[in-house]
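Observations on chain architecture
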Amino acid sequence: MAHELIKGYSQKNVSPRCMIKVDIRKAYDSVEWGFLRAVLLEFGVPYKLVELIMKCVSTVSYSLLLNGGLTEKADEVSMKMLMRCFKQFSEVSRLHANMDKSSLYIAGVKREFKDKMLTELQLSEGSLAFKYLGIPLASKKISIQQCMPLVERIVDRIRSWTSKFLLYAGKLQLIKSVLFEMQTYWAQVFLIPKEIVKMVNGICRRYLWTGSNENSQRNPISWDTLCKPKVAGGLNIINYERWNKAAITKLLWAVVNKKDKLWIKWIHGQYIKRKDITSMEVPKQASWLVRKIFNAREWWANDMQRMQSCMKNGKFNIKTSYIQSSPEWPKVRWKSVTMINGSLPKQQFIMWMAMHKRMATVDRLIK
């Protein structure tokens, strides 16, 4: 819904519109950080813990977005009314704005009027894209540069682990659990650029085989093989690109089946308008995110019945969608050999490597 509301802000000849991003003031916004740090150290709090606390209280940001959906035009009366509505909200909720961190986004007006409103409302002019609920919010298709924070978070997590000397089985578990979960939130909102997916795959691959993110040619077994199910000779690592598409398919399923949410009602009211969603064209005037949801029909060849088979207990199941969209690989005969009951993960991984003939044996090392 937020992407729909800002879709025209980067266009030149657009109708007047505005939105205000309001940062909510916290109690510790008025605290002097140096004083807080000195008090913690004086009470004997360990230095490392103090540094962690200071990072938390000085960098966390919560924002409330009030969009021009309340008013259709960026005129002086409407904008002042918007601010008056927020002041009434503040009086009731006791949540007050931090004006130093709040911004005005305005388009389709002359520079003179824009400067006048910035002065009267005492706001700074904001620029797109910015983070909203932890992800980039932009009027155009998300760029690789805007997705880099996701890559940096994964790299920072790897660097923070004292796991360089973990066994392969341990690093495999970290990739499957921690690193995968770090990108799931982004993947359920929009289609992540292929270059970013490639970067994430490369980071995970290097971490598995070397224990770090340093460039390395060491790659005993391809990443595609690792992402195959165990019955096909893989290790069942989630393929990020296919999982991302399965997550976007859930949004398409919601548009087709559920009309009780605001953003779904918006899409039906603005674009679908009782048309057949399986045959209608992708609405060109929609935001790039909504267009990607409509494009998801191609992944299922417009077969909505097949998509409905991904439901479990009346809800769309991303895992089922992921499995259905995966290729059918030939099964290997030695799967049971690598998964002997009672064997340790270390032993299972070594046996799996041996069945692929990729163990660092003496004859292979000589080659």
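Heads up: the structure comes first, above all this text.
Quick look at the structure, then. These numbers come from a predicted model, not from an experiment.

Let us now look at a positive patch on the surface. Together, Lys250, Lys258, Lys261 and Lys315 give the surface a local cluster of positive charge. On the secondary structure map, lysine 250 appears in helix α10 (residues 240-257).

Attention shifts here to unusual backbone geometry. Positioned with a positive phi, asparagine 236 is a non-glycine residue whose angle comes to about 65°. Along the chain, the position of asparagine 236 falls in the loop between α9 (223-226) and α10. Phi is positive for lysine 273, which is not a glycine, with a value near 50°. Relative to the helices and strands, lysine 273 resides in the loop between α11 (262-272) and α12 (288-295).

Okay, a nonpolar patch on the surface next. On the surface, a nonpolar cluster with roughly 200 Å² of combined accessible area is contributed by Val337, Met351 and Met355. Looking at where valine 337 falls in the secondary structure, it is placed in helix α15 (residues 335-338).

By the secondary structure assignment, proline 149 is in helix α6 (residues 144-160). Between the C-alpha atoms of proline 149 and proline 136, which are 13 residues apart in sequence, the distance is 9.6 Å.

This part takes up the pairing of strand β1 (residues 17-23). The element β1 is extensively covered by neighbouring structure, given that 6 of its 7 residues are classed as buried. Pairing analysis gives 5 bridges linking β1 to strand β3 (residues 103-107), with the strands arranged antiparallel. Bridged to isoleucine 20 within β3 is leucine 104.

Once that is clear, we can look at the nonpolar core. Leu179, Phe190 and Trp352 are the most contacted members of the largest nonpolar core, which totals 69 residues. Examining the composition of this core, we find that 10 residues originate from one element, α10, more than from any other. Ranked by size, the runner-up nonpolar core spans 15 residues in total, among them Ile20, Met79, Ala97 and Met117.

What follows deals with helix α14 (residues 318-325). Considered for burial, the residues of α14 that qualify are Ile318, Thr320, Ser321 and Tyr322. Those residues of α14 that are buried are in contact with α10, β7 (311-312) and β8 (315-316). Of the residues that open α14, the one with a side-chain oxygen 3.1 Å from the backbone nitrogen of lysine 319 is asparagine 317.

Here threonine 320 lies in helix α14. Separated by 10 residues in the primary sequence, threonine 320 and cysteine 310 have C-alpha atoms spaced 5.4 Å apart. With residues near it in sequence (within four places) discarded, threonine 320 still touches Ser309, Cys310 and Lys312.

Quick look at the packing of aromatic side chains now. Ring pairs (aromatic) are described by centroid distance and by the angle formed between their planes. With the rule as written, the count across this model stands at 9 aromatic pairs. Aromatic pair phenylalanine 349 and tryptophan 352: ring centres 5.5 Å apart, planes at 50°, arrangement tilted. A residue pair is termed a helical-turn pair when its members lie 3 or 4 positions apart in one helix, as phenylalanine 349 and tryptophan 352 do in helix α16 (residues 345-355) at 3 residues. Considered together, phenylalanine 349 and tryptophan 352 belong to a single accessibility category, that of buried residues. One aromatic cluster in this structure is built from Tyr168, Trp209, Phe349 and Trp352.

Right, let's talk about the pattern of salt bridges for a bit. Overall, the coordinates contain 3 salt bridges when judged by the stated rule. When the shortest N-O distance is used, the salt bridge between arginine 111 and glutamate 125 registers 3.0 Å. A residue pair is termed long-range when its members are at least 10 positions apart, and arginine 111 in helix α5 (residues 111-121) and glutamate 125 in strand β4 (residues 124-125) qualify at 14 residues. Salt-bridge contacts for glutamate 125 lead to lysine 114; the nearest nitrogen and oxygen are separated by 3.4 Å. Of this pair, glutamate 125 sits in strand β4 while lysine 114 sits in helix α5, and the two are 11 residues apart along the sequence. According to the relative accessible area criterion, glutamate 125 is partly exposed, its value standing at 38%.

Cut-offs and rules
Residues numbered from 1 in each chain as written. Predicted model: local features only at pLDDT ≥ 70, side-chain atom pairs only at ≥ 80, totals over all residues. Heavy atoms only, no water. Patch = residues over 30% accessible without salt bridge, like charges linked within 9 Å, V, L, I, M, F, W, Y side chains within 5 Å. Areas by Shrake-Rupley, 256 points an atom, 1.4 Å probe, with all protein chains shown as cover. Salt bridge = Lys/Arg side-chain N within 4 Å of Asp/Glu carboxyl O. Lys, Arg positive; Asp, Glu negative; His and termini not counted. Charge placed at Lys NZ, Arg CZ, Asp CG, Glu CD. Helix = DSSP H or I, 4+ residues; strand = E, 2+ residues; numbered from the N terminus. Buried < 20%, exposed > 50% of the residue type's maximum accessible area, 1.4 Å probe, protein only. Pairing = 2+ DSSP bridges. Core = buried A, V, L, I, M, F, W, Y, C linked by side-chain atoms within 4.5 Å. Contact = heavy atoms within 4.5 Å. Polar contact = N/O pair within 3.5 Å; in protein donor to acceptor, adjacent residues only side chain to side chain. Phe/Tyr/Trp six-rings, centres within 6.5 Å; stacked < 30°, edge-to-face > 60°.

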